[in-house]
Amino acid sequence: MVNITIDGRKISVSEDLTILEAARENGIQIPTLCYNEALKPYGACRICLVELVSENGSKLVPSCTFPVSEGIVVRTDSEEVIKTRKMVLELLLADCPGSKVIKELAEEYGVKKSRFEEEDNNCILCGLCVRACDEIVGARAIHFVDRGYKMEVKPPFLTATVNCIKCGTCTTVCPTGAIKLDELSGISVMHQWSDKFSERRCNVCGSFHFSPGF
Amino acid sequence: MKRYRTHLLLCTGTACVSNNAFNIKKSLEIEIKKHNLENEVLIVPTGCNGFCERGPILVVQPDGIFYQQLKESDIPYLVEEHFLKGRPVKKLMYTPSKGEEVIPKMMDIEFFKHQILIALRNRGRIDPEEIEEYIANDGYQSMGKALFEMTPEEIINEVKISGLRGRGGAGFPTGRKWELCRASKGDVKYIICNADEGDPGAYMDRSILEADPHSVIEGMVIGAKAIGAHKGFVYVRDEYPLALKRISIAVEKAKDYGLLGEDILGSGFDFDLKIVRGGGAFVCGEETALMQSIEGKVGRPTPRPPYPAQKGLWGKPTNINNVETWANIPVIIARGGDWFSRIGTETSKGTKVFSLVGKVNNTGLVEVPMGITLREIIYNIGGGIPNGKKFKAVQTGGPSGGCIPEELIDLPVDYEQLTKAGAIMGSGGLIVMDEDTCMVDVAKYFVSFLEDESCGKCVPCRSGIRRMREILTRITQGKGKEGDIELLEELAETIKKASLCGLGQTAPNPVLSTIRYFRDEYEAHIKKKRCPALVCKDLIIYRIIPEKCTGCRRCVQVCPTGAITGPKAQPHNLDASKCIKCGACYEVCRFDAIAGDAIYME
């Protein structure tokens, strides 16, 4: 156990937690976009930045990846944190003006309109879908392609892939609703990156699976 | 060993090679054979001398005569005159500028005179592909000392005393870094040499690998012993074919000689070195991205902590240093940390290699003691600004460095001073800019580079840099709005504080430093729609001054779109609707009829 201070509250937490986990365990809210308890922390959205107060000058650290240690002092709502979070939200709002989640979160911080040119895109590249597909499903059907502002989530070779088992996990974890499931023939659903293959009955267990054939 | 009367040290660094150095070598061999001098004159292909602008370079030893800008056709005459008849050829020697006296000896040339060589100690002196030549110059002696006479703690202590700081950019104390990695728990530890140099215009790491690869290997073996690592990697970008070839040969030879591998020199210490080729992403120079790349993953940075010293390559404690840092190590061990720490300033010890490029007379690589002023580098070594132009600013530290203006030209160069001035040491790029440079345009150029090179993982870097570029573009197009400067500053602050890795954290530097020192230029673009340096194409219009135009038709000939017309000996006409503002007419006009006041702003 280590003793830490978050927003003036002295708390004692297990030493293998991150700041975010410690805060949430103690009912302190920190907003996140690229974080999911079931996945390894990624540290990309920068919404969960908190201020790590120290004598040599404070700095902003992502609470989802930063481990707690004895005696650290953390502020989740300092002026610095709010200012930075607002600007990150303003950037996201311009990138994804159609996303409800971003809009609501931005509004919560008083960001109504972005000062940057709006784009038509809903994906914030938080990587939840990519990581879920890899870490939970194990299918690795999608990954990041290209870099910088050209980065996109795509299947290998940018074409529909048999690796996608159409489990829908990516759709579930996506915070902005950027990944659509297209309804096909009532029972089967299909991702934009799944190859055309149908639901088949497994000879062994008897249940139905999406597969090109066993 | 065979003795020769004269050694011809022919520079075969990348710059000289692209200027035909290998063919010159062949001609030299043929001519020397022709005159039966093979047993008297030896040709030694060396690494880069640094004075790349004057290449191909040939230094004749023991006299130290410096031949420059050689052509294949010069060789027969040179060999006959100098090496056969003993009459040095004046016309192939260096003259600082037209009309001045020829300077025959290398060490009398201003460019070389002020340098202190530690990391580049063997440049231009030895054949980098021959391990014997390195050994003959005291090579691998420090390694022997470290392996047989020193404990790991003593090695670390010596490096700490030297005050050496990381030459890759951030300037973290090397001894401290080693100590942290040594203290990390774990049987398996790795060390890495970061040779993924990507800054535009900077090539010191390439030059060291090309000129003296064994110094890096020797430094790494010493570091490995200090840290307790038995496996190392050299991560070289694949765009450096010659560096890659020479470090590969060096590793092979060192293995053959028992200087790498199991039981080095019978000391019982094992160290294996592997070369990894980088795929060419700028961000892979960032240590966590570099390790991802070595592991075979996409080179994207990961959050720190955990730091590489705790959990690095494949989750094991890892120590990463830059090429130049490793190359300094053997000298520190040989001559002692005390000796090293006497060079430089209070906080920055030793020397630093800079690549001096841009609007400066002598471009090239220079190694100078820390604390030297920018003025000394630019004027004494660099020979000042060409064509009598005025100095405006110098960009230090590569694309994510800052621009330092003329007022600060007497700034001593060390880590703290540069940071205070809003720039960084970075890997040591120095881009000199003259009065014809638009600082908004410069900021836009560097930000565009970083926009392309951002890995795209975190929002502030991916999106923020892009938005900065958008704002800068609109300012240079004359579409800037009131409040744009403040928005840039606000955005820059966020990108600096909120980005995941060093690329994003330093990316706003060119914008912030140009706003800090050249705010009036930004304001001129935004408020008056004027580009004071006459660079931004959307803000200039070319016209001909009839009173000055002699009708020589030079401009008519170079105009690519036929916008300029007119008969000979009469003032020409320029059709603004056809003009693409390429500036070709401005460049060729000898009567200032399109120059200076001829360009006006709307």
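Note that the coordinates shown come from a computational prediction; the quantities given were computed from them, not determined experimentally.

### What to know about the side chain of Arg85(A)
Residues and elements named next belong to chain A.
Then step 1. By secondary structure assignment, the location of Arg85 is in helix H2 (residues 79–95).
Then step 2. Of the buried charged residues, Arg85 lacks a salt bridge, with Glu108 as the closest side chain of opposite charge at 7.4 Å.
Then step 3. A distance of 2.8 Å separates a polar side-chain atom of Arg85 from the backbone oxygen of Ile47.
Then step 4. When residues no more than four places from it in sequence are discounted, the contact partners of Arg85 are Ile30, Pro31, Ile47, Cys48, Leu49, Thr76 and Tyr109.

### Regarding the domain arrangement of chain B
All names here are of chain B.
Then step 1. On domain assignment, one finds that chain B holds domain 1 (6–108), domain 2 (131–341), domain 3 (351–434), domain 4 (439–527) and domain 5 (537–598).
Then step 2. Distance from the C-alpha centre of domain 1 to the C-alpha centre of domain 3: 30 Å.
Then step 3. Counting residues at the interface gives five residues for domain 1 and six residues for domain 3.
Then step 4. Together domain 1 and domain 3 conceal approximately 400 Å² of surface at their shared face, both sides included; 39% is due to carbon and sulfur atoms.
Then step 5. Contact with domain 3 buries area across many residues of domain 1, yet Gly50, Phe51 and Glu53 alone supply 74% of it, more than any other trio.
Then step 6. For the pair domain 1 and domain 3, the number of links is two residue pairs in polar contact (both at pLDDT 80 or more).

### With respect to the interface of chain A and chain B
Then step 1. Counting residues at the interface gives 32 residues for chain A and 31 residues for chain B.
Then step 2. In total, chain A and chain B occlude about 2,900 Å² of area from one another, counting both sides; carbon and sulfur atoms represent 56% of this.
Then step 3. The tally of links between chain A and chain B comes to six salt bridges.
Then step 4. In this structure, Arg147(A) engages Glu453(B) in a salt bridge whose closest nitrogen and oxygen atoms are separated by 3.1 Å.
Then step 5. Where chain A touches chain B, the interface holds 14 residue pairs in polar contact (both at pLDDT 80 or more).

### So, the packing of helix H7 (residues 152–162) of chain B against helix H10 (residues 213–227) of chain B
Residues and elements named next belong to chain B.
Then step 1. One can describe the packing of H7 onto H10 by two numbers: an axis separation of 7 Å at closest approach and a directional angle of 120°. In terms of orientation, H7 lies oblique with respect to H10. Crossing geometry of H7 relative to H10 is assigned as left-handed. Residues Pro152, Ile155 and Ile156 of H7 touch H10, and the partners they reach there are Ile222, Lys225 and Ala226.
Then step 2. Among the residues making up the contact of H7 with H10, the classes are represented as five nonpolar, no polar and one charged.

What counts as what
- Residues numbered from 1 in each chain as written.
- Chains lettered and ligands numbered in written order.
- Predicted model: local features only at pLDDT ≥ 70, side-chain atom pairs only at ≥ 80, totals over all residues.
- Heavy atoms only, no water.
- Helix = DSSP H or I, 4+ residues; strand = E, 2+ residues; numbered from the N terminus.
- Buried < 20%, exposed > 50% of the residue type's maximum accessible area, 1.4 Å probe, protein only.
- Lys, Arg positive; Asp, Glu negative; His and termini not counted.
- Salt bridge = Lys/Arg side-chain N within 4 Å of Asp/Glu carboxyl O.
- Polar contact = N/O pair within 3.5 Å; in protein donor to acceptor, adjacent residues only side chain to side chain.
- Contact = heavy atoms within 4.5 Å.
- Domains from an automatic or database assignment.
- Buried area = accessible area lost by both parts, 1.4 Å probe.
- Axes fitted to C-alpha atoms, helices over the stretch in contact; angles between N-to-C directions.
- Parallel < 35°, antiparallel > 145°, perpendicular 65-115°, else oblique.
- Left-handed = near helix turned anticlockwise from the far one by under 90°.
- Nonpolar A, V, L, I, M, F, W, Y, C, P; charged D, E, K, R; others polar.

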